[in-house]
There are 2 protein chains.
Amino acid sequence: MKSTIPVMSLQRLPVYLNYLKTLSNQEFISSGAIARALNMGEVLVRKDLAFTSAQGRTRVGYNTGELIAALEEYLGCNEIKNAVIFGAGGLGSALLSYGGFGNYGINIAAAFDNNPQKTGLTVGGKPVLPVEDAAAFVGEHDVKLAVICVPAKVAQSVADVLVGCNVKSILNFAPAQLSVPEGYNVRNIDVAANLAILSSLI
Amino acid sequence: MKSTIPVMSLQRLPVYLNYLKTLSNQEFISSGAIARALNMGEVLVRKDLAFTSAQGRTRVGYNTGELIAALEEYLGCNEIKNAVIFGAGGLGSALLSYGGFGNYGINIAAAFDNNPQKTGLTVGGKPVLPVEDAAAFVGEHDVKLAVICVPAKVAQSVADVLVGCNVKSILNFAPAQLSVPEGYNVRNIDVAANLAILSSLI
């Protein structure tokens with residue numbers, strides 16, 4: 001079933017989850033109330049939530065706790081998944097220290113860097129290791145997710161290392177288009193481009 | 001004209017720009033070649049590029065330099081725009097030191113934080129100032145863009161400050177849904193949610 005959810009719907013599930021977690025002591029919530037709070041259409045909200053196991057009831061809505069649990073189950077928040085970061089510069093180090101991954105069951109296990117002044121360090125309690133150690137580490141720790149925080153000109157070479165290690169899902173912060181074989185998923189976050197897009201809308 | 005471009009098209013313009021900049025010494029490029037390199041449809045590429053002033057020629061394609069210039073013009077890369085960051089923690093500090101904003105004409109002018117141990121510091125050559133100074137600074141420096149890098153529970157209060165200062169475009173890294181009046185633009189980047197989405201696709 002997961003493979004049939006549209007990516008746009010999947011992207012909204014964490015938004016619902018974050019919002020629902022801010023509602024303390026509210027036993028039930030309707031799709032209409034969620035839609036109004038998030039400035040979305042009610043039909044869209046209902047369709048999105050129908051991909052989870054949550055069941056809304058007429059005139060009552062969803063049990064808030066059950067809906068949170070259904071979203072967490074769908075997003076795999078209860079299964080620990082190891083991830084690694086490539087590039088222990090400013091952004092990579094910030095992500096090593098970021099506490100928000102645990103909400104989704106994601107454990108940042110280590111970072112890799114080719115700068116010998118960084119390897120051997122511990123950042124946010126996580127080791128920074130040489131890139132040569134990546135393949136062995138990924139195999140030992142069953143790593144399926146990676147975050148690329150290296151400069152654009154070396155991003156493809158890091159992607160090639162990840163493909164060689166069979167790491168199927170890559171979050172890429174480098175402003176570069178990565179080429180990966182079929183079956184691999186890449187999501188790009190270009191922070192500067194996002195600001196430029198906002199700026200274009202003014 | 002800018003207001004009529006679909007957001008999805010606008011989001012792809014920086015992708016084209018980044019790709020074209022990697023082509024050195026290639027005088028012409030066709031929409032087909034761009035489409036193949038970026039794994040997109042050729043019609044889509046042609047439609048997107050038609051929003052810029054670039055003119056492709058039959059059997060020759062676009063002059064690469066002219067296309068880069070047209071994209072840079074459309075994205076406002078040649079006009080300096082001041083932006084500020086709220087929250088000088090790990091992510092905020094990383095962005096203060098990031099050199100990639102200049103490609104889009106964006107100048108990160110300062111960061112604001114309410115921690116007195118951070119205010120007064122200089123990070124990446126940029127001052128970290130108390131939040132109370134934000135309104136005056138924004139007015140003096142004609143700031144139109146802001147980046148929110150504070151914890152989720154205080155993100156809305158920062159958004160309220162920005163609305164009070166008339167900062168119309170906000171890039172929000174906090175995992176919180178911000179409420180802003182009509183006419184304000186918010187783009188959300190929830191890094192942990194992006195990793196969770198990737199993880200759901202495995």
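Higher on the page you've got the structure.
So, a few notes on the structure that sits alongside this text. (Residues numbered from 1 in each chain as written. Chains lettered and ligands numbered in written order. Predicted model: local features only at pLDDT ≥ 70, side-chain atom pairs only at ≥ 80, totals over all residues. Heavy atoms only, no water.)

### A few points about the overall build of chain A
Item 1. Across its full length, chain A carries 8 helices and 9 strands.
Item 2. Out of the 202 residues belonging to chain A, those deemed buried represent 50%.
Item 3. Of all intrachain contacts in chain A linking residues separated by at least 6 positions in sequence, the fraction that spans at least 24 positions is 53%.
Item 4. For chain A, the accessible area works out to roughly 9400 Å², and carbon and sulfur atoms hold 51% of it.
Item 5. Measuring between centres, the 15 positive side-chain charges of chain A sit 9 Å from its 15 negative side-chain charges. (Helix = DSSP H or I, 4+ residues; strand = E, 2+ residues; numbered from the N terminus. Buried < 20%, exposed > 50% of the residue type's maximum accessible area, 1.4 Å probe, protein only. Contact = heavy atoms within 4.5 Å. Areas by Shrake-Rupley, 256 points an atom, 1.4 Å probe, with all protein chains shown as cover. Lys, Arg positive; Asp, Glu negative; His and termini not counted. Charge placed at Lys NZ, Arg CZ, Asp CG, Glu CD.)

### Notes on the relation of the copies chain B and chain A
Item 1. For the pair chain B and chain A, the relating rotation is 180°, the translation along its axis is 0.0 Å, and the fit reaches an RMSD of 0.0 Å. With respect to symmetry, the two chain copies, as superposed, fit the operation of a two-fold axis. Closest approach to the rotation axis among the C-alpha atoms of chain B is made by Leu 91 of chain B, whose C-alpha sits 3.1 Å away.
Item 2. Residue by residue, 100% of the interface of chain B is reproduced at the interface of chain A, so both copies engage with the same surface. (Least-squares fit on C-alpha atoms with pLDDT ≥ 70 in both.)

### Observations concerning the sheet that holds strand β9 (residues 185-188) of chain B
Sheet strands pair by backbone hydrogen bonding; their relative direction is either parallel or antiparallel.
Residue and element names in this part refer to chain B.
Item 1. Ordered in space as β5-β6-β4-β3-β7-β8-β9, the 7 strands form an open sheet in which the pairing is mixed. Of all the strands in the sheet, the pair left with one neighbour each is β5 (122-123) and β9.
Item 2. Where strand β3 (residues 81-86) and strand β4 (residues 106-113) come together, 6 bridges link them in parallel fashion. Looking at the pairing, Val 84 lines up with Ala 110 of β4.
Item 3. The strands touched by helix α7 (residues 152-164) within the sheet are β3, β7 (145-148) and β8 (169-172), with β7 carrying the most contacts at an inclination of about 170°. (Pairing = 2+ DSSP bridges. Axes fitted to C-alpha atoms, helices over the stretch in contact; angles between N-to-C directions.)

### What about the sheet that holds strand β8 (residues 169-172) of chain A?
All names here are of chain A.
Item 1. Sheet architecture is open: 7 strands sit in the order β5-β6-β4-β3-β7-β8-β9, paired in mixed fashion. Two strands close off the open sheet at either side, each with one partner strand: β5 (122-123) and β9 (185-188).
Item 2. Contacting β3 (81-86), β7 (145-148) and β8, helix α7 (residues 152-164) runs over the sheet at an angle of about 170° to β7.

Keep in mind these values describe shape, not function.
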